[in-house]
Amino acid sequence: MKPAFVFGTRPEIIKLAPVIRAFLDRGVEPLLIHTGQHYDYEMSSVFLEELEMPPIDHHLEVGSGTQAEQTGLAMIKIEKVLVDERPDVVLVQGDTNTVLAGALASVKLKIPVAHVEAGLRSFDRTMPEEINRILADHASEVLFPPTEEARKNLEREGITENVYVVGNTVVDAVLQNAEVAERKSDVLERFGLKPKEYVLITAHRAENTDRRENLERLIEILEGLPTRAVYPMHPRTRGRLEEFGLWERMASIENLTVTKPLGYLDFLKLEKNAFAIMTDSGGIQEEAIILNVPCLTLRYNTERPETVKAGGNVLVGLEKERALGYLQRLLKDGELYRKMAGAANPFGDGKAGERIAEILMGLYKEGKLKVKS
Ligand code: UD1
Ligand code: UDP
């Protein structure tokens, strides 16, 4: 069997690594295609190294661009590789432009697509990710929703065949790396941080960074933080801050350490030891609840509603009063803190990668891995 993985960004590498590993453990060598959507060392190679991934077979070097430029160029380059390589199935993960390009290029060549983390919906079509998820799900032959809730989203859209609830591979990644991170990373010492005495911040999503007023609202929240905080900053955010002339203001916030993006081991250690996390990231909302750290999400909706229902995550948007008010409550109210930190992980047992490999190998053996005519 010849599975191909198409990926291109930081979270895709992290969440596909356990699936790639599961195939390798079963004697199947997957083809690895990196679109190059993320290209800085600290947004890509650091993860391939830390997660000990095999060498990439095809580097497509698509890079940055507008939505159509990036997606279109990735499609053109992916198609060429798939025509040459003819894999049995193409795996994509999540909701980036790389995912949409990989799914469309494959299905149009009649190569079945398997979508890892299928069925997530924010119900906000202004997000590029929401469009990518919906289209990728509808182009896919095999779907791996992480939760029952995600499966129901697919069902509502008429997708019911070859749908397997397997958990989220983010749990596999955390379980495989948290202990190594705790042992190997010296990130707390490097930044002079004490466990449970700082807040971890990340924000990079287009809706929070592409408009000056939203970046200003983010800065106002950070200026009001009552504790030490650390913000490993996505290059998109850094770029926008500079463009809008806001970088100096962000960089001079007292008590806030802004750094370049960190490797996975450093980042996991920072997450695990944080008092709380404030983020607009999808993956970090998931990791927070897995690692028992309260999460305040800097968004007005989430495609991870399971975390909110479980009680580990609160949507605070870019509302200063709400965000800082919640943080103050967490600092004062031990009961509330324990409740949020103790919320049950809804994303499975850390064996999602193995299940995905087993299911796809089974379908392949039975001759069922085909695009329906
Ligand atoms: C993309 C995904 C988003 C995901 C995020 C993970 C889409 C539509 N968005 O957003 O869902 O949460 O990846 O991090 O696919 N840049 C660099 N170096 C890099 C990569 C990007 O400097 O290695 C800068 C460039 O200025 C680029 C900007 O970041 O224009 C945005 O990059 P892009 O890949 O378009 O989207 P992300 O914001 O990373
Ligand atoms: N991450 C990391 N270093 C950082 C920030 C994030 O290793 O400086 C990891 C984090 O642990 C998570 C993933 O990157 O697994 C999340 O990526 P991101 O927030 O960019 O994307 P999203 O999940 O929102 O698509």
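Reading guide: rules and limits
Residues numbered from 1 in each chain as written. Chains lettered and ligands numbered in written order. Predicted model: local features only at pLDDT ≥ 70, side-chain atom pairs only at ≥ 80, totals over all residues. Heavy atoms only, no water. Helix = DSSP H or I, 4+ residues; strand = E, 2+ residues; numbered from the N terminus. Buried < 20%, exposed > 50% of the residue type's maximum accessible area, 1.4 Å probe, protein only. Areas by Shrake-Rupley, 256 points an atom, 1.4 Å probe, with all protein chains shown as cover. Lys, Arg positive; Asp, Glu negative; His and termini not counted. Charge placed at Lys NZ, Arg CZ, Asp CG, Glu CD. Near = heavy atom within 4 Å. Polar contact = N/O pair within 3.5 Å; in protein donor to acceptor, adjacent residues only side chain to side chain. 1 Å grid on protein atoms, 1.4 Å probe; cavity = no way out; pocket = protein on both sides within 12 Å on 5 of 7 lines; lining within 4 Å. Sits in = over half its atoms within 2 Å of the grid points. Salt bridge = Lys/Arg side-chain N within 4 Å of Asp/Glu carboxyl O. Points joined across faces, edges and corners; volume = space filled by probe spheres on them. Nonpolar A, V, L, I, M, F, W, Y, C, P; charged D, E, K, R; others polar. Domains from an automatic or database assignment. Pairing = 2+ DSSP bridges. Axes fitted to C-alpha atoms, helices over the stretch in contact; angles between N-to-C directions. Contact = heavy atoms within 4.5 Å. Parallel < 35°, antiparallel > 145°, perpendicular 65-115°, else oblique.

Description of the overall build of the chain
For step 1, the next point in the chain: When you go through the chain residue by residue, the secondary structure sums to 18 helices and twelve strands.
For step 2, the next point in the chain: With respect to the principal axes defined by its C-alpha atoms, the chain has extents near 60 × 40 × 40 Å.
For step 3, the next point in the chain: Taking all 373 residues of the chain together, 59% fall into the buried category.
For step 4, the next point in the chain: In the structure as shown, the chain presents an accessible area of about 15,300 Å², 50% of it carried by carbon and sulfur atoms.
For step 5, the next point in the chain: Averaging the coordinates of the 48 positive side-chain charges in the chain and doing the same for the 58 negative ones gives two points 3 Å apart.

Some remarks on the site of ligand 1
For step 1, the next point in the chain: The full set close to ligand 1 counts 20 residues, and His38, Asn97, Glu129, His204 and Arg236 are the nearest of them.
For step 2, the next point in the chain: A distance of 2.7 Å separates an oxygen atom of ligand 1 from a polar atom in the side chain of His38.
For step 3, the next point in the chain: Tyr39 has a polar backbone atom sitting 2.8 Å from an oxygen atom of ligand 1.
For step 4, the next point in the chain: In the complex, 85% of the free accessible area of ligand 1, which totals 750 Å², lies under the protein chains.
For step 5, the next point in the chain: Here ligand 1 is seated within the largest pocket.
For step 6, the next point in the chain: Among the secondary structure elements, those contributing two or more residues to the shell around ligand 1 are α3 (67-85), α5 (128-139) and α11 (235-243).

Here we look at the pattern of salt bridges
For step 1, the next point in the chain: Across all of its chains, the model carries 36 salt bridges by this definition.
For step 2, the next point in the chain: The partner of Arg190 in a salt bridge is Asp186, and the shortest N-O contact between them spans 2.6 Å.
For step 3, the next point in the chain: Taking relative accessible area as the criterion, Arg190 reaches 42% and is therefore assigned partly exposed.
For step 4, the next point in the chain: Residue Glu243 is joined to Arg240 by a salt bridge in which the shortest nitrogen-to-oxygen separation is 3.0 Å. Of the two residues, Glu243 and Arg240 are both situated in helix α11; the distance of three residues between them amounts to about one turn of the helix.
For step 5, the next point in the chain: Look at Glu243 and you get exposed, because its relative accessible area is 53%.
For step 6, the next point in the chain: Arg240 sits in the partly exposed class, given a relative accessible area of 23%.
For step 7, the next point in the chain: Members of the salt-bridge network, linked through shared partners, are Lys15, Asp95, Glu117, Glu130, Arg133, Glu207, Glu286, Arg299, Glu303 and Arg304.

Structural notes on the layout of surface pockets
For step 1, the next point in the chain: Considering only enclosed or pocket space, the largest pocket measures out at about 1,200 Å³ in volume.
For step 2, the next point in the chain: Contributing to the lining of the largest pocket are 50 residues, with Thr9, His38, Met43, His204 and His234 lying nearest its centre.
For step 3, the next point in the chain: Elements with a minimum of two residues in the lining of the largest pocket: α1 (10-25), α3, α5, β8 (228-232), α11, α13 (264-272) and α14 (282-290).
For step 4, the next point in the chain: In terms of residue count, α1 provides more of the lining of the largest pocket than any other element does, five residues in total.
For step 5, the next point in the chain: For the lining of the largest pocket, the per-class residue count stands at 17 nonpolar, 20 polar and 13 charged.
For step 6, the next point in the chain: The residues that make up the lining of the largest pocket include at least three from each of domain 1 (3-168 + 349-365) and domain 2 (187-341).
For step 7, the next point in the chain: In this structure, the second largest pocket occupies an estimated 240 Å³ of space.
For step 8, the next point in the chain: Taken together, 15 residues form the lining of the second largest pocket, with Glu50, Leu51, Glu52, Gln176 and Asn177 sitting closest to its centre.
For step 9, the next point in the chain: For the lining of the second largest pocket, the secondary structure elements donating two or more residues are α1, α2 (45-50) and α7 (169-184).
For step 10, the next point in the chain: When residues in the lining of the second largest pocket are grouped by element, the largest group, five residues, is from α7.

With respect to the sheet that holds strand β9 (residues 256-259)
For step 1, the next point in the chain: Ordered by their spatial adjacency, six strands build an open sheet running β9-β8-β7-β10-β11-β12, and the pairing between neighbours is parallel. On the outer flanks of this sheet lie β9 and β12 (313-315), each paired with one strand and no other. Strand-to-strand twist across the sheet, computed as the mean angle between neighbouring axes with direction ignored, equals 20 degrees.
For step 2, the next point in the chain: Pairing of β8 with β9 involves four bridges; the strand directions are parallel. Following the sheet pairing, Val230 is matched in β9 by Thr257.
For step 3, the next point in the chain: Running over the sheet, α14 touches β7 (198-202), β10 (276-279), β11 (295-297) and β12 and is turned about 165 degrees from β10.

With respect to the side chain of Arg133
For step 1, the next point in the chain: Looking at where Arg133 falls in the secondary structure, it is placed in helix α5.
For step 2, the next point in the chain: Polar side-chain contacts of Arg133 include one of 3.0 Å to the side chain of Asp95.
For step 3, the next point in the chain: Once residues within four sequence positions are removed from consideration, Arg133 is found in contact with Asp95, His115, Leu120, Arg121, Ser122, Met127 and Glu303.

Focus: unusual backbone geometry
For step 1, the next point in the chain: Here Glu117, not a glycine, exhibits a phi torsion of approximately 70 degrees, which is positive.
For step 2, the next point in the chain: Considering the arrangement of structural elements, one finds Glu117 in the loop between β5 (113-116) and α5.
For step 3, the next point in the chain: According to the relative accessible area criterion, Glu117 is buried, its value standing at 6%.
For step 4, the next point in the chain: In this model, Asn162 sits at a positive phi of 55 degrees, which is unusual for a non-glycine residue.

Some remarks on the packing of α7 against α13
For step 1, the next point in the chain: Between α7 and α13, whose axes approach to 9 Å, the crossing angle comes to 85 degrees. It follows that α7 is roughly perpendicular to α13 by the angle criterion. Contacts between α7 and α13 involve Ala173, Val174, Asn177, Ala178, Val180, Ala181 and Glu182 from the former and Tyr264, Leu265, Leu268, Lys269 and Lys272 from the latter.
For step 2, the next point in the chain: Taken together, the residues that form the contact of α7 with α13 break down as eight nonpolar, one polar and three charged.

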